[in-house]
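Each chain, written out:
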There are 2 protein chains.
Amino acid sequence: MATLHEPKQDRSRATRQRLLEATIDCLAQTGWAAATVAVVAERAGVSRGAAQHHFPTREDLITAALEYMFDSRTEQAKEEAAQVRAADGVSRTEAVVAGLVESYTDPLFKAALQVWTHAAADPALRERIVPLEARFGRVSHRRAIEALGVDDGDPVTHHLVQATLDLARGLGLADVLTDDSVRRKAIVHQWAVTLHAALNAPRESA
Amino acid sequence: MATLHEPKQDRSRATRQRLLEATIDCLAQTGWAAATVAVVAERAGVSRGAAQHHFPTREDLITAALEYMFDSRTEQAKEEAAQVRAADGVSRTEAVVAGLVESYTDPLFKAALQVWTHAAADPALRERIVPLEARFGRVSHRRAIEALGVDDGDPVTHHLVQATLDLARGLGLADVLTDDSVRRKAIVHQWAVTLHAALNAPRESA
């Protein structure tokens, strides 16, 4: 049975994946209003009926796309983390900060920004997005702590890593209308040097 | 002549100001799509014809509103700066960082976010917004330098102040869907302590 059904399941999974990827591209490139199920389905080369079979509403499609892309990126980041751990000292800190910040300038961030901003004035969407935002925040924080190899139980460390994620979000927003990569590089370097010194400074309470 | 025309000019200025303030409120509360000239005019208690006399297009109204609110806020910040300068040491740094960050959680930031995000997929609007964003960035940077009383000619100082503005933008974005004030307070405190130490550390090149 399983063997007989596998190709169909594979096709269904591939269709789903194409729809999710097309959703992120549409949101990032054409904005909230233009990213409808019909437009996404056309971009993915899927019939509108098939799209609606997978995702009954536009909100279902959009939240699934954000979750799928975030989880894919987290998996990819896990693989890159091994490379980062080979470095040490301030080079490791800078590699982690740079990787984190770059992840906030990708199409997923630009798509999420469209959704977050629209949700600000749409209570039903906001209700779906708030738990998603909280989960993304928790996972990103844990990932940064692991990549830096620091102790999150220390409150100074905890808040500095949180601040680094907030900085990354702010730098992501600064890259939406113009290419901010040159300025960003200098900020990332200075932040990494400052963060590294602060993470490794002796604690007053110690 | 001037005396005869003043009351009319005053009324015209007051109408303009009500339209600009209503635009910011509409954008911040109901989002990009709902903030049309008709809706703003009704909220301001102004006829649609009078609104269009002042601002021929929606883009004129929205960019004028962002500029007006930004300039008002800058004037207000100048008055507050005298108070901040009375403090010194880390308290002054923390007062500056806190004031700066809070300014990114107000209705102007929430309105600007709606416009910036929409402009990402609207080339004509983007063309109008990019110079505005650049000017807001320059003025905010200069204001932070003055309030901190530091030397912007030092590249470490320059980049740390830029990073503080990026952090503030990221914290502003984190406050759009939920009240993030408790977490934000702890981040502001930790960053102020770290920033103060870094601004006052001896420079390697010195």
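Remember, it's a predicted structure, so these values are computed and weren't measured experimentally.

A.B. asks: Break down the overall build of chain A for me, citing the residues and quoting the values.
C.D. replies: A tally of regular secondary structure across chain A gives nine helices and zero strands. Beginning at the N terminus, the succession of helices and strands in chain A can be written as α-α-α-α-α-α-α-α-α. Counting only C-alpha atoms, chain A reaches 60 × 45 × 30 Å along its principal axes. The burial tally for chain A puts 48% of its 206 residues in the buried class. Expressed as a percentage of contacts within chain A between residues at least 6 apart in sequence, the contacts between residues at least 24 apart total 70%. As displayed, chain A offers around 10,100 Å² of accessible surface, 54% of which is attributable to carbon and sulfur atoms. A distance of 4 Å separates the average location of the 24 positive side-chain charges in chain A from that of its 28 negative side-chain charges.

A.B. asks: Outline helix H7 (residues 123-148) of chain B, listing residues and values.
C.D. replies: Here H7 of chain B spans 37 Å end to end across 26 residues, near enough to the 38 Å set by a 1.5 Å rise per residue. The largest bend in H7 of chain B is about 30°, located at Ile-129 of chain B, with the proline Pro-131 of chain B one to four residues further on.

A.B. asks: Go over the interface of chain A and chain B, please, and point to the residues and values.
C.D. replies: Taken together, the contact between chain A and chain B spans 37 residues of the former and 37 residues of the latter. Carbon and sulfur atoms make up 69% of the area that chain A and chain B hide from each other, which totals about 3,300 Å². Connecting chain A to chain B are two salt bridges. Ionic pairing is found between Arg-183 of chain A and Asp-166 of chain B, a salt bridge with its closest N-O pair at 2.8 Å. In this assembly, chain A and chain B are joined by 11 residue pairs in polar contact (both at pLDDT 80 or more). Counting only elements with at least two residues in the side of chain A that touches chain B, the list comes to helix H1 (2-30), helix H6 (107-119), helix H7 (123-148), helix H8 (155-174) and helix H9 (181-200) of chain A. Ranked by residues supplied to the side of chain A that touches chain B, first place goes to H8 of chain A with 12 residues. When the residues that make up the side of chain A that touches chain B are grouped by side-chain class, the tally is 21 nonpolar, 11 polar and five charged.

A.B. asks: Got a sec to walk through the side chain of Asp-180 of chain B? Specific residues and values, please.
C.D. replies: Residue and element names in this part refer to chain B. As for its placement among the helices and strands, Asp-180 is situated in the loop between helix H8 (155-174) and helix H9 (181-200). Here the side chain of Asp-180 touches Arg-183 through a polar contact of 3.0 Å, side chain to side chain. The contacts of Asp-180, once residues within four sequence positions are left out, are Ala-174 and Asp-175.

A.B. asks: Tell me what's going on with the relation of the copies chain A and chain B, and back it up with residues and numbers.
C.D. replies: Rotating chain A by 180° and moving it 0.0 Å along the rotation axis overlays it on chain B with an RMSD of 0.0 Å. On the angle and the small slide along the axis, the relation comes out as a two-fold axis. Looking at the interface residues of chain A, 100% of them are also at the interface in chain B, so both copies use one shared face.

Each value, and the rule that gives it
- Residues numbered from 1 in each chain as written.
- Chains lettered and ligands numbered in written order.
- Predicted model: local features only at pLDDT ≥ 70, side-chain atom pairs only at ≥ 80, totals over all residues.
- Heavy atoms only, no water.
- Helix = DSSP H or I, 4+ residues; strand = E, 2+ residues; numbered from the N terminus.
- Buried < 20%, exposed > 50% of the residue type's maximum accessible area, 1.4 Å probe, protein only.
- Contact = heavy atoms within 4.5 Å.
- Areas by Shrake-Rupley, 256 points an atom, 1.4 Å probe, with all protein chains shown as cover.
- Lys, Arg positive; Asp, Glu negative; His and termini not counted.
- Charge placed at Lys NZ, Arg CZ, Asp CG, Glu CD.
- Expected span 1.5 Å × (residues − 1).
- Bend = angle between axes of the 7 residues up to and from the residue.
- Buried area = accessible area lost by both parts, 1.4 Å probe.
- Salt bridge = Lys/Arg side-chain N within 4 Å of Asp/Glu carboxyl O.
- Polar contact = N/O pair within 3.5 Å; in protein donor to acceptor, adjacent residues only side chain to side chain.
- Nonpolar A, V, L, I, M, F, W, Y, C, P; charged D, E, K, R; others polar.
- Least-squares fit on C-alpha atoms with pLDDT ≥ 70 in both.

Keep in mind these numbers describe shape, not what the thing actually does.
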